[in-house]
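Descriptive analysis of the structure
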Amino acid sequence: MDLEKIGKYIATKRKALGITQVQLAERLGMSDKSVSKWERGICLPDVSVYMELCEILGITLNEFIAGEDLDQENVVKQSEKNLIQVAKDGDEKKKKMKIIIVFLLCLVLLVTGILFAALFLNGEFSTNYIEPLPRDSAEMEIAQILSDVDGAYLYDYSLDGSFTEMTFFMSLYKDGVLEQEEELGGIYFEADTAREGMIALIPDFQDFKIKLIAAGGGAKYSMEFDILEGVSEREYYGRSASGIAEKIHISPDAGIDLTAFLYGRDGLSVIPVEDIREQADHLRNDYIYMISVKFGGRIEE
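Turning our attention to the sheet that holds strand β5 (residues 195-204). Pairing is antiparallel across the open sheet formed by 6 strands, whose spatial order is β7-β6-β5-β2-β1-β9. Strands with a single pairing partner mark the edges of an open sheet, and in this sheet they are β7 (219-226) and β9 (248-249). Relative to β7, strand β6 (residues 209-216) runs antiparallel, the two sharing 8 bridges. Looking at the pairing, I213 lines up with S222 of β7.

Listed below in structure tokens is the structure:
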């Protein structure tokens, strides 16, 4: 995020309302020094006050993150940019964290070098993984706000240079029977380059769509597909979802079920995503949209 741009935007909106930094700080239950730091672009407010600050200034969250007024035509486009920016900001935080981790590892190596080398050779420190973002992370909190009541499902992934593509798939189960399988597209990477990125799955029950956004390594992929097409009284269906709960090792050309979106007219069964395919015919769900991902293009050594 552009801290300086956002800070100037906060200051402009505050002055337009005719309130001082002290008055704004009092309404937020914070100090005027904090407001001053925001407006000077030194730091951002805590995520917990985003919505209250936007309400006081009379702006939307998208406008706050963009640091400018947005017309209606650009709201959807800016929402997508904001999610991608969240992914980039997360990458920068990880790079800083890696510097700290490397320094600490160097100290550990002085004492446990032989043991560490043995564990490394046995593959204990795999680079290739995908995992869900913590629910209390700043990225997740912002994504939840932007995605409205149906929430968002965000995943981090890390790859070494032996993978060159990421492909998404959708499997549709109707009354427990696999009815449709479809390739949704994906991203191609440059070979021999390690990369990190983020995947976001955002259901929109009001418009009966699911949006998929993937970013990382300078590449981006975005698409959406319809749900419950042609289903009578679909607006009355219950809905839920089940996503991966922990870090998963990525193997070449092996599919990983990321998230299952569940819909039912008279009830729902929610179980771990990894068990849904085997038990689909025993569950109460009328429709299941399973989103999976496969990482391929491994270079032969």
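On we go from here.
This part takes up unusual backbone geometry. You will see that D175, though not glycine, has its phi angle at about 50 degrees, which is positive. Assignment of secondary structure puts D175 in the loop between β3 (165-174) and β4 (177-188). Positive phi, close to 60 degrees, is recorded for D253, a residue that is not glycine. For D253, the location among the structural elements is in the loop between β9 and β10 (255-264). With relative accessibility at 49%, the residue D253 sits in the partly exposed group.

Scanning all chains against the criterion turns up 9 aromatic pairs. Joined through ring pairs, the aromatic side chains of F205, F208, F225, Y263 and Y289 make up one cluster. Sitting over the face of the ring of F208, R234 holds its NZ or CZ atom 3.7 Å from the ring centroid.

What follows concerns the pairing of β10. By the criterion of burial, β10 is predominantly enclosed, with 9 of the 10 residues buried. By the bridge criterion, 6 bridges tie strand β8 (residues 238-243) to β10 in an arrangement that is antiparallel. Within β10, the position partnered with G238 by the bridge is G264. Where β10 and strand β11 (residues 287-296) come together, 8 bridges link them in antiparallel fashion. Opposite F261, over in β11, you have Y289 as the bridge partner.

Before going further, it helps to examine the side chain of S242. Relative to the assigned elements, S242 resides in strand β8. For S242, a relative accessible area of 7% puts it in the buried group. Within the structure, the side chain of S242 is placed 2.7 Å from the backbone oxygen of I271, a separation counted as a polar contact. Not counting residues up to four positions away in its chain, the partners in contact with S242 are L258, T259, A260, V270, I271, P272, V273 and I276.

As for its position among the elements, D286 is in the loop between α8 (273-279) and β11. There is no salt bridge for the buried D286, and the closest opposite charge comes from R265, which lies 7.1 Å off by N-O distance. Within the local environment of D286, its side chain forms a polar contact with the backbone nitrogen of R265, the two atoms lying 2.6 Å apart. With residues near it in sequence (within four places) discarded, D286 still touches Y173, K174, D175, Y237, Y263, G264, R265 and D266.

Analysis parameters
Positions within a chain are numbered from 1, following the residues in the order the chain's sequence is written. Given that this is a predicted model, residues contribute local features only at a pLDDT of at least 70 and side-chain atom pairs are listed and counted only at 80 or more, while totals for whole chains, interfaces and linings are drawn from all residues. As a convention, hydrogens and water are excluded, and side-chain values are obtained from all of the structure's heavy atoms. A pair of strands is labelled paired if DSSP reports no fewer than 2 bridges between them. Secondary structure elements follow DSSP: runs of H or I no shorter than four residues count as helices, runs of E no shorter than two count as strands, and numbering proceeds from the N terminus. Exposed residues in this analysis have more than 50% of their type's maximum accessible area, buried residues have under 20%, and partly exposed residues fall in between, with area computed by a 1.4 Å probe over protein chains only. Any Phe, Tyr or Trp ring, taking Trp's six-membered ring, that has another such ring centre within 6.5 Å forms a pair; planes under 30 degrees apart are called stacked, those over 60 apart edge-to-face, and the others tilted. Whether a charge lies above a ring is judged from NZ of Lys or CZ of Arg, which has to be within 6 Å of the ring centre and within 35 degrees of the ring normal. N or O atoms within 3.5 Å of each other form a polar contact, as long as, within protein, one can give a hydrogen and the other can take it, and as long as residues adjacent in sequence are counted only when both atoms are side-chain atoms. Contacts are residue-level and defined by heavy atoms, with any inter-residue pair within 4.5 Å sufficient. In this count, Lys and Arg are taken as positive residues and Asp and Glu as negative ones, while His and the chain termini are left out. When a carboxyl oxygen of Asp or Glu lies within 4 Å of a side-chain nitrogen of Lys or Arg, that pair is called a salt bridge.

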